[in-house]
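# Fold and geometry: a report
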Amino acid sequence: MVMKIVIKNGRLIDGNLIDIEIEEDKILKISENIENLEGKKVIDLKGEKHISSGWIDMHTHCFNKFKLYSDDADEIGYKKGVTVVVDAGTAGADTIEEFYNQSKGVKTRVFAFINIARQGIKSQDELSNLDNLKVNLLMDAVEKYKEFIVGVKARISKTVVGNNGITPLKIAKKASEEAGLPLMVHIGSEPPTLKEILDELKEGNIVSHIFNGKANGILKDENSIKEEAIKAYEKGVYFDIAHGKDSFNFNVAETARTNGIKCHSISTDIYQRNRLHGPVFDLATTMTKALTIGYEKEEVIEMVTKNPAEILGLKGFGELKEGFISDITIFDIVKGEKELVDSNGNKKIALEYFKPLAVILKGEYIEIDKE
Ligand SMILES: [Zn+2]
């Protein structure tokens, strides 16, 4: 029999204290004071440590077959306070089975966007040859790995699509509609232009790398946002950070915020190189960057819990509620200076920062190694 866990005196991001009782995968009870502790593992946070639903990073690369963008799911997952990592289309129809099997061998929960290119991101130009897009193969894979695949991914920028313009985007959009899954679109250098891409998207689609500092990004000029980005935002397209090596710029993110455009989710686009050498490092660092440019703490936590769960349709994830999945992140908000660097080398000093301490994952309490 598995031992029940009771977390006492966890501090929610709104400041309130709660107790939570967990049995394996499920939250049994949430209350101000759980008293019957006999025979249960008790973790008393004494009001000193924060808790939230387990953090979800909805843009990562953790399929180890292709070395271009890959990492170990646990290195970017539970060891960084992230209980759910979502791979953003490293695998396609030809390789998703291998990825699925690989993901069974790790602790962290893994879900995947399936790339519209059948081989996945084997090279930088996966959509430059339209023969690589085989919707029937994608549909078969989605059917077979329903529980694993949460969306369809298309990288729509110059190096990836070659001379194909938005044709791969149109195919991916149709495939995502047929599969009943969200479409995630990566943006970068043109062609195609941002306008061509965003005009094609509809409510529920996701744009990655939304705060990139490239000429084809969302800034019209120093102080304002391009109309096509505002239009996309207003029609319900989700904006995701997906920081990455090249795709997060403080000024773009701040200008967007002051113009009323906030991202819906905070994600890293993490893989081994940008984890080890920056500027990404981990999800907590990207969360701290959002905090430092003016997002509220409550917003930051929602953007790595409730919002990604809703965007991806992950039922039972993302909130601390009775009957929900019992994944939890325990963390500190440390008062102290920390230097932050964006993808363009711009620096900011955070005055407080997120620091994950432990997780509860699949019913197991795991402390994170202290450096
Ligand atoms: Zn990516």
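Residues numbered from 1 in each chain as written. Predicted model: local features only at pLDDT ≥ 70, side-chain atom pairs only at ≥ 80, totals over all residues. Heavy atoms only, no water.

By the naming in an unreviewed UniProt entry, the chain is Amidohydrolase/deacetylase family metallohydrolase, taken from Clostridium sartagoforme.

### Notes on the domain arrangement of the chain
One can read the domain layout of the chain as domain 1 (5-52 + 321-337 + 353-367) and domain 2 (54-312). Each of domain 1 and domain 2 was reduced to a C-alpha centroid, and the two centroids are 29 Å apart. On the side of domain 2, 20 residues touch domain 1, which itself brings 19 residues to the contact. Across the domain 1 to domain 2 interface the summed buried area is about 1,700 Å²; carbon plus sulfur atoms make up 68%. The largest contributions to the domain 1 side of the interface with domain 2 come from Ile 13, Phe 354 and Leu 361, which together make up 35% of the buried area. In this assembly, domain 1 and domain 2 are joined by three salt bridges. Note that Asp 327 is salt-bridged to Arg 109, the shortest N-O span being 2.6 Å. (Domains from an automatic or database assignment. Contact = heavy atoms within 4.5 Å. Buried area = accessible area lost by both parts, 1.4 Å probe. Salt bridge = Lys/Arg side-chain N within 4 Å of Asp/Glu carboxyl O.)

### Let's talk about the sheet that holds strand 6 (residues 55-60)
Reading across from one edge, 6-7-8-9-10-11-14 is the order of the seven strands in this open sheet, with parallel pairing throughout. Either end of the sheet is taken by a strand with one partner, and the two such strands are strand 6 and strand 14 (238-239). Relative to strand 9 (residues 149-156), strand 8 (residues 109-115) runs parallel, the two sharing four bridges. For Asn 115, the partnering residue across the bridge sits in strand 9 and is Lys 153. Against the sheet, helix 2 (residues 96-103) touches strand 7 (82-92), strand 8 and strand 9, its axis set at about 170 degrees to strand 8. (Pairing = 2+ DSSP bridges. Helix = DSSP H or I, 4+ residues; strand = E, 2+ residues; numbered from the N terminus. Axes fitted to C-alpha atoms, helices over the stretch in contact; angles between N-to-C directions.)

### A look at the pairing of strand 7
One face of the sheet, then the other: side chains in a regular strand alternate in exactly this way. Burial within strand 7 is extensive, with eleven of its eleven residues counted as buried. In terms of strand pairing, strand 6 meets strand 7 through four bridges, oriented parallel. Note on strand 7: the bridge partner recorded for Trp 55 is Val 82. Pairing of strand 7 with strand 8, which is carried by six bridges, proceeds in the parallel orientation. The residue bridging Val 85 from the neighbouring strand is Val 110, located in strand 8. Since strand 7 and strand 8 lie parallel, the crossover through helix 2 that links them has a hand, and here it is right-handed. (Buried < 20%, exposed > 50% of the residue type's maximum accessible area, 1.4 Å probe, protein only. Right-handed = clockwise from strand over helix to strand, strands pointing away.)

### Thoughts on the coordination of the zinc ion
For the zinc ion, every protein donor is listed as His 59 (NE2), His 61 (NE2) and Asp 269 (OD), and the spread of their distances is 2.1 to 2.3 Å. Donor residues for the zinc ion, ordered by position in the chain, follow H-x1-H-x207-D. Here the two residues His 59 and His 61 agree in accessibility, since each one is buried. (Donors = N, O, S within 2.8 Å, 3.2 Å for Na, K, Ca; no water.)

### Things to note about the pattern of salt bridges
Enumeration according to the criterion identifies 25 salt bridges in this entry. Close ionic contact of Lys 146 with Glu 143 constitutes a salt bridge, the shortest N to O distance being 3.0 Å. Note that Glu 319 is salt-bridged to Lys 321, the shortest N-O span being 3.5 Å. Note on Lys 321: relative accessible area 39%, which makes it partly exposed.

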